[in-house]
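Chain and residue survey
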Amino acid sequence: MNLPDRKIEILDSTLRDGAQGEGISFSVQDKIHIVKALDEIGIAFIEAGNPGSNPKDMEFFQAAKKLKLKNARLCAFGSTRRRDVSSAEDLNVQSLLAAETEDVVIFGKSWKFQVTEILRATPEENIKMIYETIAFLKESGRNVIYDAEHFFTGYEDDKDYAMLTLQAAVDGGASVLTLCETKGGCMLSRCSEISKVVCEKFGAKVKIGIHTHDDSGLAVANSLIAVENGVRHVQGTFLGFGERTGNANLAVIIANLQLKMGYECIPPENIALLTPIAKRIAEISNIMINPGVPYVGSSAFSHKAGMHIDAVLKNPTAYEHIAPETVGNSRVFLMSEVAGRSMIIEKIKKFDPTITKSSPVVADIIKKVKDLELEGYQFEGADGSFELLVRKTIGKYQPFFKLHYYQTNGVNPRPEDGVCACAQIKLEVEGQIEVTAGDGDGPVNALDIALRKALCRFYPAVETIRLIDYKVRVLDGRSATASRVRVLIESSDSVETWTTVGVSCDIMEASWIALVDSFEYKLIKDVEQRYKKLL
């Protein structure tokens, strides 16, 4: 086994395997943006698509030729040749050459069941397909990364044959043998043992890689344990999304390998880009990052219990395994009935550094929070509304407009496409009256549009606000239609994201409260930014 250094090659398959995830669809321009993000953080290889099966992927590879990448190398992905044609005649193989990438990823079968039942080939034919495809691509000037599909399953079924398929890839000229845990069912001990066997046999000749899926929740763990046994090439998707339950999450793997295990996956100075790049890829992919994802999730460094918050304020190492800024994330103190005085004071100091533990306003804020939570409010997920509550209590709040009325109604009897409701608003800004209307695909959407129209003449910044999530929870189901509801609205201006909350027996009133808080939060931040620039 050849272990020359502590460097790990990372191959990101967000644009290929990740694109197979439910709800994921990339345009060519989306792919270009993601390539730039992955290159910026220092990913070594980007598996950018299968030009033989998807015309959009071939269009991407043509467009990508204009890119000037600093760190990453693009890879075209495809399969071994078909059993009944030569490599030179196989259209899939030809498309890999047409993509004109220096590196290609070829997958082949390691499991006899797949060979005989899916390919309808003999085991011997499969060996020839692997060898000849890789040899042809190698002779054509390509560096070949070989993905041994279903390798762990194939090894358990017939280890001698599975190893023969790897030997064929080595003989053909592959530079990397990637062991694919395709079904995601391998336990840690077996992944460890099998990875070690392969590294001992082939590690002196080629680099050994790992490609895992998360069907058993072990994709990251299996990748890490494979590295401990000699693997030096790791594949996955940056945020873990992909086929079925997803792929190994590279954001988590990179952080663990680089910060905890002493390996280098990306340039050391780039580790602080981990969270910003994760957010950028999520935005392009039109998904939300699960808050609980280690390192890059919004809850990765959040604290709620008063005891925990008090300890972290004294010394963060009390409850944090790394400093959040190491990976470009930030510490969050969640406001709730179990939060202590220390956390509230810490939040208040952002607006008024003169506040101390003995200040009467601290007790006032604690009482207001607890009273509002009895009504159904929840501030741990509504940072924007909590900040406004604090500002109002300490006298650092000025309303931006006065509401006269709003009303909403459905569109009947036959609504136009995309228009199901309309809203009307009358409000006043510094003595000037504005009456506007809006229509949308629901009453809240219509209300948002009407409010935006009413305010944009006075505050152009509202045009940058985008509602990215809307949640409703019934707080007391026993009261049926008279139940109180809690509405959470998440908003963004492409720079910052914030959440606001409203509670009422009327869902539109609860939505209005949260919506107004969202707009006022943005406007307050803009006023403060302008003031800072003047200083």
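Remember, predicted model here, so these are calculated numbers, not experimental data. (Residues numbered from 1 in each chain as written. Predicted model: local features only at pLDDT ≥ 70, side-chain atom pairs only at ≥ 80, totals over all residues. Heavy atoms only, no water.)

Focus on the pattern of salt bridges
Counting across every chain of the model gives 29 salt bridges. Here Arg81 makes a salt bridge to Glu132, at a shortest N to O gap of 2.9 Å. Of this pair, Arg81 sits in the loop between strand S3 (73-79) and helix H3 (91-98) while Glu132 sits in helix H5 (residues 123-139); the two residues are 51 residues apart in sequence, bridging distant segments of the chain. The exposure class assigned to Arg81 is buried, which follows from its relative accessible area of 7%. In this structure Glu132 comes out as partly exposed when scored by relative accessible area, which is 29%. The residue Lys525 makes a salt bridge to Glu387 at a minimum N-O spacing of 2.8 Å. Linking Lys525 in helix H17 (residues 507-534) with Glu387 in helix H15 (residues 383-394), this pair joins segments that are 138 residues apart in sequence. Owing to a relative accessible area of 10%, Glu387 belongs among the buried residues under this scheme. (Salt bridge = Lys/Arg side-chain N within 4 Å of Asp/Glu carboxyl O. Helix = DSSP H or I, 4+ residues; strand = E, 2+ residues; numbered from the N terminus. Buried < 20%, exposed > 50% of the residue type's maximum accessible area, 1.4 Å probe, protein only.)

Focus on the UniProt feature "domain: Pyruvate carboxyltransferase" (unreviewed entry) in the protein
Residues given the UniProt feature "domain: Pyruvate carboxyltransferase" (unreviewed entry) here are residues 8-272. With 43% helix and 17% strand, residues 8-272 has its two end C-alpha atoms placed 18 Å apart. (UniProt positions renumbered as here; feature names shortened; annotations may be inferred.)

A word on the nonpolar core
Membership of the largest hydrophobic core comes to 92 residues, with the highest contact counts inside it found for Tyr146, Phe151, Leu166, Leu177, Phe238 and Ile254. With sequence-adjacent residues up to four places away left out, Ile254 is seen in contact with Ile10, Ile43, Phe238, Leu259, Cys265, Ile266, Ile271 and Leu274. (Core = buried A, V, L, I, M, F, W, Y, C linked by side-chain atoms within 4.5 Å. Contact = heavy atoms within 4.5 Å.)

Re the packing of helix H1 (residues 28-41) against helix H11 (residues 274-285)
Where H1 contacts H11, the two axes come as close as 10 Å, and the packing angle between them is 175 degrees. Judged by the angle between their axes, H1 and H11 are roughly antiparallel. Judged by residue contacts, Asp30, His33, Ile34, Ala37, Leu38, Glu40 and Ile41 of H1 engage Leu274, Ile277, Arg280, Ile281, Ile284 and Ser285 from H11. Partitioning the contact of H1 with H11 into residue classes produces eight nonpolar, two polar and three charged. (Axes fitted to C-alpha atoms, helices over the stretch in contact; angles between N-to-C directions. Parallel < 35°, antiparallel > 145°, perpendicular 65-115°, else oblique. Nonpolar A, V, L, I, M, F, W, Y, C, P; charged D, E, K, R; others polar.)

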